Amino acid sequence: GFGAKAKAKIFSNELLPLVPNVYVSAPSLLKGTYVPGVAMQGACLVATRPLKDEEVFVDYRLSPNITDRPSWYVPVDDDEEARRWTKP
C-alpha cells in the first residue's frame, strides 16, 4: 500500500478528490483490511494521449485452466497466453 509519504508524492490534496472511489465494505481492523495512511486501495487507468469516441481494452489475463471463463472473454494474444500459463 501507499504510506502517507508516498501518497503525498502521487496525489496532491487538490487531485485526490478527482479519483472517484467508493468502499464496497468499509476497512476493518478485525478483517485486516485497514491500513493507516492509505486513502483507499484501487486502480486507475491513465491515458498517454487524449481519448475520444473509442474503447479502452484491458487484458484480464484469465487462465485457460479456469473452467468457467466468462463467455465475453477473448485472449488478446494466444501466443502470450500459452507462454504465460505453460509451466516450464
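Residues numbered from 1 in each chain as written. Predicted model: local features only at pLDDT ≥ 70, side-chain atom pairs only at ≥ 80, totals over all residues. Heavy atoms only, no water.

Focus on the overall build of the protein chain
For the protein chain, the helix and strand inventory stands at two helices and zero strands. Here the protein chain, with 88 residues, has 7% of them falling under the buried criterion. Carbon and sulfur atoms provide 58% of the accessible area of the protein chain, an area that totals close to 8,400 Å². (Helix = DSSP H or I, 4+ residues; strand = E, 2+ residues; numbered from the N terminus. Buried < 20%, exposed > 50% of the residue type's maximum accessible area, 1.4 Å probe, protein only. Areas by Shrake-Rupley, 256 points an atom, 1.4 Å probe, with all protein chains shown as cover.)

Quick notes on the confidence of the model for the protein chain
With 75% of its residues at a pLDDT of at least 70, the protein chain reaches an overall mean of 77. Within the model, pLDDT remains below 50 along residues 1-8, and this stretch shows nine contacts once partners closer than five positions in the same chain are excluded. (pLDDT = per-residue confidence, 0-100. Contact = heavy atoms within 4.5 Å.)

Looking at unusual backbone geometry
With phi around 55°, Asp53 is a residue other than glycine that occupies positive phi space. Counting through the fold element by element, Asp53 comes out in the loop between helix H1 (4-10) and helix H2 (78-85). Even without being glycine, Arg61 reaches a positive phi, approximately 55°.

Comments concerning the packing of aromatic side chains
Summed over all chains, the structure comprises two aromatic pairs. Relative to Trp72, the ring of Tyr60 lies with its centre 5.8 Å away and its plane at 75°, an arrangement referred to as edge-to-face. Placement of Tyr60 in the loop between H1 and H2 and of Trp72 in the loop between H1 and H2 is noted, with a sequence separation of twelve residues between them. Just as Tyr60 is exposed, Trp72 falls in that class too. Ring centres of Trp72 and Tyr73 lie 6.2 Å apart, and the angle between their planes is 80°; on these two criteria the pair is classed as edge-to-face. (Phe/Tyr/Trp six-rings, centres within 6.5 Å; stacked < 30°, edge-to-face > 60°.)

Here's the deal with the side chain of Glu81
With respect to the helices, strands and loops of the structure, Glu81 is situated in helix H2. The exposure class assigned to Glu81 is buried, which follows from its relative accessible area of 14%. When neighbours within four sequence positions are excluded, Glu81 is seen to be in contact with Leu62, Pro64, Arg69, Tyr73 and Pro75.

Comments concerning a nonpolar patch on the surface
Together, Leu45, Leu51, Val56, Val58, Tyr60 and Trp72 make up a nonpolar patch on the protein surface, roughly 690 Å² of accessible area in all. In this fold, Leu45 is placed in the loop between H1 and H2. (Patch = residues over 30% accessible without salt bridge, like charges linked within 9 Å, V, L, I, M, F, W, Y side chains within 5 Å. Salt bridge = Lys/Arg side-chain N within 4 Å of Asp/Glu carboxyl O.)

Examining the pattern of salt bridges
Enumeration over the complete set of coordinates arrives at four salt bridges. Glu80 is the salt-bridge partner of Arg83, the closest N and O atoms lying 2.7 Å from each other. Separated by three residues within a single helix, Arg83 and Glu80 lie in helix H2, roughly one turn from each other. Owing to a relative accessible area of 55%, Arg83 belongs among the exposed residues under this scheme. Salt-bridge contacts for Glu80 lead to Arg84; the nearest nitrogen and oxygen are separated by 3.7 Å. Here the residue Glu80 and the residue Arg84 both occupy positions in helix H2, the gap between them amounting to four residues, near one helical turn. Classification of Glu80 as partly exposed rests on a relative accessible area of 25%. Assessed through its relative accessible area of 34%, Arg84 is described here as partly exposed. One salt-bridge network, in which partners are shared between bridges, spans Glu80, Arg83 and Arg84.

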